[in-house]
Amino acid sequence: MKLFRGLRDEAVMRTQRTRSTVSETGSTEPNSKTSAGRKFKPLTVPKILRWNSKSNTNITAPDVPNTSSVITAPLKELLTFEQNLERNRLSAAGQQLIEREERLYGLISEEGVQLTTEREKEEKEQLTRDHKALLSQIDLAVKSSLSSDEDSLEALKSAVKAILQEEEQDRRWLKQEGKQPAWRPSECRRHHNTVLQSLVEERMDNAELPPEESNKLRSSLQRDVCGKGRRLQEDLLRVVKDVKGCYPEDMDICNFYGKMYHQAFSAGMRKIEEYGLGMDDCSYLLYWVNVAYPEILQNPELTMEINPEMLGKLLTEELTTPLENQCLTHKETEVQTLINKVLMVEEQAWMKGSVPELRDDCYFSPLAIDVIQFINAAVKSIETVWGNTSKVQIIVCLLKDFLNSYKEFQDKVLKGSNNSNSRIVIMANLACVEQFRDYIVNKADIFPVDVKECCLSIVAEMKNIGYTSLTSPIHKDLKSQYSGLGTPVWLEEKKQVFEKLFEGINKHTKELKGLTDSCHQELLSQLHLEVTVEYVRRLLKRKIKLRDKEMQEQAARLVCEDGQRLHKLFTEAGSREEWLSDILPKIAEVLKLQDISSIQLEIVTLSQAYPDLSEFQVSALLSLKSNLSASAVKRVKKTLLDNQDTSSSQDAPYFFSKVQVK
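Residues numbered from 1 in each chain as written. Predicted model: local features only at pLDDT ≥ 70, side-chain atom pairs only at ≥ 80, totals over all residues. Heavy atoms only, no water.

## Section: the overall build of the chain
Part 1: A tally of regular secondary structure across the chain gives 27 helices and 5 strands.
Part 2: Counting every position in the chain, which comprises 662 residues, the buried fraction comes to 46%.
Part 3: Accessible area of the chain: about 35200 Å², with a carbon and sulfur share of 48%. (Helix = DSSP H or I, 4+ residues; strand = E, 2+ residues; numbered from the N terminus. Buried < 20%, exposed > 50% of the residue type's maximum accessible area, 1.4 Å probe, protein only. Areas by Shrake-Rupley, 256 points an atom, 1.4 Å probe, with all protein chains shown as cover.)

Written as structure tokens, this is what we have:
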């Protein structure tokens, strides 16, 4: 302290001597001379704060070179406290007040300057008023923080410096004993934070959207929430771009602003949440809490300066849970009502005898499209509100109950097959079943595993029942042609028996119309499989005895030729069951072979290709070869049993389990 007073007294005396010289010469030019022709030394003015007892104000001088430097420009203007305040040079104004404060309250003193008690009182009162004026001007600068003009930012920079000076002065007084000014500690920084908080709250309360954007929203609540969110976004961007540069790094002003805006927005949300909300407003509020607000905070410009993790969510889980339950319950009820109505309309149309619409030569039902559209709309709405798929399962689970009801409707249609429109309704709804299957498979990630498997099981059963209802009349019509297969007549008349069957199948495949391309392929594939199964079943009924090699080779040749013709007929019509082409040729090979070892090997090969081949079916097949001994048949069956469990492939198709042999 003594060193500080000594340096200051020296500066004051040096300045007085310099001014005396200037007064005498009347010039500040470096080359001025006296009447005696002597040159003056270069003039220097140290940076000091000097009390002027006449004007009761301070003056400030700018930084200048030391006494050894030559002045190359005129002196800058020396400003009073009032002038600094008026020009928003708040840091300089604050420093002037600190100098006066230190002199008046004894932190420093000037030699030879004695103040009367009355004069000291007046000066202290004036200092109090000036300090209050400074704080008011600092408040104005802080309140203008978010203005975009350059002058406001310069004023803010100076205000921040003044605040830091005040904070430092507070700390100096804490180390001193004796009476201190009434405003100490001024706690200027805490006051600054309070002013900023009020500023943020006021800006958020008065936030409004432009008319063109406001008109797009459905309610005043939505306009209020969106306006606040827009204000928060714009102001925080201005903070990180402009305001940040006015503060020292250790004040962490960006995170402070982020916290203030978060608190103001959250408080506004809590007030809104207290009122009963309609569904649209409830969803919109949740959308801002879960999606829109987090997206604002994830703006790369903001994340560089503001830590969103420190802010948390706008509303606590305690407040959002009732809103979420309200929203989900409403969506669940809404979707359930809509999809049930779709099914009811379909059922009523069938009961009235209405025929489904024909589009591009295909019978069409909008049922699946409508149901999937309603479910998808609800799923997207929930994804929008929550920002993820965590809550959509409550909606997709409705599909399980719907499909059960849909299957019940299909059963009613099948039982009422005497209705003229039943067959056409089944055809139209097979396309719907396919659409449901594709939707479940493509959206498997949003279904609980058990619900997905249950739904796929229902649609698979509906598909099989639906196609079977269309193929059953065909098999009924072909029953007489089937009956000749595997009989002596079939073998004796060579191709005549099969030819009648072939013509009947060909006729029916050409009459299968009204299905979509994919459903038409599915139907032909199923018919292809069922006809092949029936052919093998008839063959294994053991109505013929192949007594010798010649008969066995003849039968093998017929089986092979029949298989080739059937496969060509169905694949050209649209069947996709290519694997069926090998079944009849493999059976024919067993019939043709005479060597026991070769027969054993062929049976093992057959069982490897079709793991569901049973011992009983092998016995029925071998019984056609009446020249085989019982011991030979036993050896072949033993070979089958020895190799069946170890050699079968899990991916192999199942065929023989569909062939019922008595």
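## Looking at a negative patch on the surface
Part 1: There is a patch of like negative charges on the surface, built from Asp 149, Glu 150, Asp 151 and Asp 242.
Part 2: Mapping Asp 149 onto the fold places it in the loop between helix H4 (117-143) and helix H5 (150-174).
Part 3: The exposure class assigned to Asp 149 is partly exposed, which follows from its relative accessible area of 36%. (Patch = residues over 30% accessible without salt bridge, like charges linked within 9 Å, V, L, I, M, F, W, Y side chains within 5 Å. Salt bridge = Lys/Arg side-chain N within 4 Å of Asp/Glu carboxyl O. Lys, Arg positive; Asp, Glu negative; His and termini not counted. Charge placed at Lys NZ, Arg CZ, Asp CG, Glu CD.)

## As for the nonpolar core
Part 1: Core analysis: the largest hydrophobic core is formed by 178 residues, its most contacted members being Tyr 257, Tyr 406 and Phe 436.
Part 2: With 11 residues, helix H10 (residues 279-297) is the single largest residue contributor to this core.
Part 3: In this structure Phe 436 touches Leu 367, Ala 368, Val 371, Ile 372, Leu 399, Phe 402, Leu 403, Tyr 406 and Val 459, once residues within four positions along its chain are discounted. (Core = buried A, V, L, I, M, F, W, Y, C linked by side-chain atoms within 4.5 Å. Contact = heavy atoms within 4.5 Å.)

## Details of the packing of helix H8 (residues 220-241) against helix H9 (residues 253-273)
Part 1: The interhelical angle for the contact between H8 and H9, taken along N-to-C directions, is 175°, at an axis separation of 10 Å. Of the possible angle classes, the one that applies to H8 and H9 is roughly antiparallel. In contact with Leu 221, Asp 224, Val 225, Lys 228, Gly 229, Leu 232, Asp 235, Leu 236, Val 239 and Val 240 of H8, H9 contributes Cys 254, Tyr 257, Gly 258, Tyr 261, His 262, Phe 265, Gly 268, Met 269 and Ile 272.
Part 2: When the residues that make up the contact of H8 with H9 are grouped by side-chain class, the tally is 12 nonpolar, 4 polar and 3 charged. (Axes fitted to C-alpha atoms, helices over the stretch in contact; angles between N-to-C directions. Parallel < 35°, antiparallel > 145°, perpendicular 65-115°, else oblique. Nonpolar A, V, L, I, M, F, W, Y, C, P; charged D, E, K, R; others polar.)

## Things to note about H10
Part 1: Given a rise of 1.5 Å per residue, 19 residues ought to cover 27 Å, and the 26 Å separating the end C-alpha atoms of H10 matches this to within 8%.
Part 2: Roughly 45° is the biggest bend found in H10, and it falls at Trp 288.
Part 3: The buried fraction of H10 amounts to 15 of the 19 residues, a majority that puts the element mostly inside the structure. (Expected span 1.5 Å × (residues − 1). Bend = angle between axes of the 7 residues up to and from the residue.)

## Side note on a positive patch on the surface
Part 1: Judged by side-chain charge, Lys 476, Lys 479, Lys 541, Lys 543 and Lys 662 come together as a positively charged surface patch.
Part 2: With respect to the helices and strands, Lys 476 occurs in helix H18 (residues 449-477).

## What about the packing of aromatic side chains?
Part 1: For the coordinates displayed, the defined rule picks out 19 aromatic pairs.
Part 2: Considering the side-chain rings of Tyr 105 and Trp 173, the 6.3 Å spacing of their centres and the 85° angle between planes classify their relative orientation as edge-to-face. Taken together, the residues span a long stretch of sequence, with Tyr 105 in the loop between helix H3 (90-104) and H4 and Trp 173 in helix H5 at a distance of 68 residues. Take Tyr 105 and Trp 173: they sit in the same class, and that class is buried.
Part 3: Ring geometry for Tyr 257 against Tyr 261: centres 6.4 Å apart, planes inclined by 25°, an arrangement best described as stacked. Here Tyr 261 and Tyr 257 lie together in helix H9, a separation of 4 residues that amounts to about one turn.
Part 4: On the basis of relative accessible area, Tyr 257 is assigned to the buried category, the value being 0%. (Phe/Tyr/Trp six-rings, centres within 6.5 Å; stacked < 30°, edge-to-face > 60°.)

## Points about the pattern of salt bridges
Part 1: Within this structure, the stated rule accounts for 35 salt bridges.
Part 2: Of the charged contacts, one joins Lys 244 and Glu 305 as a salt bridge, the two residues approaching to 2.8 Å between their closest N and O atoms. One end of the pair, Lys 244, is in the loop between H8 and H9; the other, Glu 305, is in the loop between helix H11 (300-303) and helix H12 (308-311), with 61 residues separating them in the sequence.
Part 3: Between Glu 589 and Lys 592 there is a salt bridge, and its shortest N-O distance comes to 3.5 Å. You can see Glu 589 and its partner Lys 592 sitting in helix H24 (residues 583-592), 3 residues apart, about one turn around the helix.

## Here's the deal with the confidence of the model for the chain
Part 1: Summary statistics for the chain give a mean pLDDT of 85 and a share of 85% for residues scoring 70 or more.
Part 2: Throughout residues 1-73 the model reports pLDDT below 50, and contacts reaching past four residues in sequence, or to other chains, amount to 97 contacts. (pLDDT = per-residue confidence, 0-100.)

## Digging into the packing of helix H16 (residues 398-415) against helix H17 (residues 422-442)
Part 1: Taken N-terminus to C-terminus, the directions of H16 and H17 make an angle of 160°; their axes are 11 Å apart at the nearest point. Taken together, the axis directions place H16 and H17 in an arrangement best described as roughly antiparallel. For the element pair H16 and H17, the recorded crossing hand is left-handed. Listed contacts from H17 to Leu 399, Phe 402, Leu 403, Tyr 406, Phe 409, Gln 410, Val 413 and Leu 414 of H16 are Ser 422, Val 425, Ile 426, Asn 429, Cys 432, Val 433, Phe 436, Tyr 439 and Ile 440.
Part 2: Within the contact of H16 with H17, the residues separate by chemical class into 14 nonpolar, 3 polar and no charged. (Left-handed = near helix turned anticlockwise from the far one by under 90°.)

## Focus on the environment of Val 225
Part 1: Relative to the helices and strands, Val 225 is located in helix H8.
Part 2: Its relative accessible area of 1% is what places Val 225 among the buried residues.
Part 3: Val 225 sits 56 residues away from Asp 281 along the chain, and the two C-alpha atoms are 9.9 Å apart.
Part 4: Setting aside chain neighbours within four positions, we find Val 225 in contact with Phe 265, Met 269, Ile 272, Tyr 284, Leu 285 and Trp 288.

## As for the environment of Leu 546
Part 1: The residue Leu 546 is located in the loop between helix H22 (517-539) and helix H23 (549-573) in this model.
Part 2: Residues Leu 546 and Pro 488, 58 residues apart in the sequence, show an inter-C-alpha distance of 9.4 Å.
Part 3: Setting aside residues no more than four positions away along its own chain, Leu 546 makes contact with Leu 491, Met 551, Gln 552, Ala 555, Leu 591, Leu 624, Lys 625, Ser 626 and Asn 627.

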